[in-house]
Amino acid sequence: MSVHAMRVAALATTLALAACASAPAPGRAERPAGGRIEGVIQHPAHVVPPMRICAIATDPPHMPHCIDTRAGDDTYRIDGLPAGDYQVFAEAAKGLYRFGGHLQAVQCIRAPCPEQPKTIALTAGALLDGIDLTFFDEARADLPALPSD
């Protein structure tokens, strides 16, 4: 075998090994680019209404990453998020208790105190589960308006 043929064979072997190393193992799905946030929708309605759910970056330009759910969906997942800090909000298209999100109860001197957005930190490629949507109200002027598309 000539030197040129041996170099071509070595290059072909190297390329084949590199392709195998970057391919997912059989039976394993490739992980989506970016991070992922997911959780349970704990809406008070008997059947969870269709809603828009958005993870909104807390740093400018406050880019929203939104999904739409269907009636009866009691979980959500937002894929492909860049690393950063987010707050997650939800808005149902109609019905009672339209506005909510991943909120936390706070203590205050005067009652009632509305629940406040809970900021979550997402690292590159991370999966954050348990980012549940737990508090819904009929009206919340202090929550951001979610983009329609």
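That block above? That's the structure.
Residues numbered from 1 in each chain as written. Predicted model: local features only at pLDDT ≥ 70, side-chain atom pairs only at ≥ 80, totals over all residues. Heavy atoms only, no water.

Colleague: It is not clear to me how the pattern of salt bridges should be interpreted in this structure. Could you clarify?
Modeller: Side chains bearing opposite charge may pair, as long as their charged atoms lie close to each other. Here the structure, examined in full by the defined rule, presents eight salt bridges. Note that Arg77 and Asp79 form a salt bridge whose closest N and O atoms lie 3.1 Å from each other. Taking the shortest distance from any N to any O, the salt bridge between Asp137 and Arg140 comes out at 3.1 Å. Assessed through its relative accessible area of 24%, Asp137 is described here as partly exposed. A single salt-bridge network, built from bridges that share partners, covers Arg36, Glu38, Arg77 and Asp79. (Salt bridge = Lys/Arg side-chain N within 4 Å of Asp/Glu carboxyl O. Buried < 20%, exposed > 50% of the residue type's maximum accessible area, 1.4 Å probe, protein only.)

Colleague: Please explain the sheet that holds strand S1 (residues 35-40) as it appears in this structure.
Modeller: Backbone hydrogen bonds hold the strands of a sheet together, and the pairing may be parallel or antiparallel. Across the sheet, which stays open at both edges, the three strands sit in the order S4-S1-S10 with mixed pairing between neighbours. Each end of this open sheet is capped by a strand with a single partner; those strands are strand S4 (75-81) and strand S10 (127-128). The pairing of S1 with S4 spans five bridges and is classified as antiparallel. Within S4, the residue paired with Gly39 across the bridge is Tyr76. (Pairing = 2+ DSSP bridges. Helix = DSSP H or I, 4+ residues; strand = E, 2+ residues; numbered from the N terminus.)

Colleague: Would you mind going over the nonpolar core with me for this structure?
Modeller: Looking at soluble globular proteins, one finds that nonpolar side chains tend to be buried together. Among the nonpolar cores identified, the biggest contains 20 residues, and Ile37, Ile53, Tyr76 and Val88 are the most heavily contacted of them. Residue assignment for this core shows that the elements contributing at least two residues are strand S2 (51-57), S4, strand S5 (84-92) and strand S9 (120-122). In this structure, Ile53 is in contact with Ile41, His65, Cys66, Ile67, Thr69, Tyr76, Ile78, Val88, Phe89, Ala90 and Leu133, ignoring residues within four places of it in sequence. Core analysis: the next-biggest nonpolar cluster, separate from the first, contains six residues, Cys54, Leu103, Leu143 and Leu146 among them. (Core = buried A, V, L, I, M, F, W, Y, C linked by side-chain atoms within 4.5 Å. Contact = heavy atoms within 4.5 Å.)

Colleague: Teacher, can you tell me more about unusual backbone geometry here?
Modeller: Of all residues except glycine, most have a negative phi; of all peptide bonds, most are trans. In this chain, Pro60 is followed by Pro61 through a cis amide linkage whose omega measures 15°. Inspection of the secondary structure puts Pro61 in the loop between S2 and strand S3 (64-68). Positive phi outside glycine occurs at His62, with the angle close to 55°. Relative to the helices and strands, His62 resides in the loop between S2 and S3. The class of His62 is partly exposed, set by a relative accessible area of 41%. You will see that Tyr97, though not glycine, has its phi angle at about 55°, which is positive. Summarising the element assignment, Tyr97 is placed in the loop between S5 and strand S6 (99-101).

Colleague: Please clarify how the pairing of S2 should be interpreted in this entry.
Modeller: Each regular strand shows side chains that alternate between the opposite faces of the sheet. Counting buried positions over the seven residues of S2 gives seven, a clear majority of the element. Of the two faces of S2, both are covered, the one formed by Met51, Ile53, Ala55 and Ala57 as well as the one formed by Arg52, Cys54 and Ile56. In the sheet, S2 pairs with S5 via seven bridges, with the strands oriented antiparallel. Bridging from a neighbouring strand, Ala55 pairs with Val88 of S5. The pairing of S2 with S3 spans five bridges and is antiparallel. Looking at the pairing, Ile53 lines up with Ile67 of S3.

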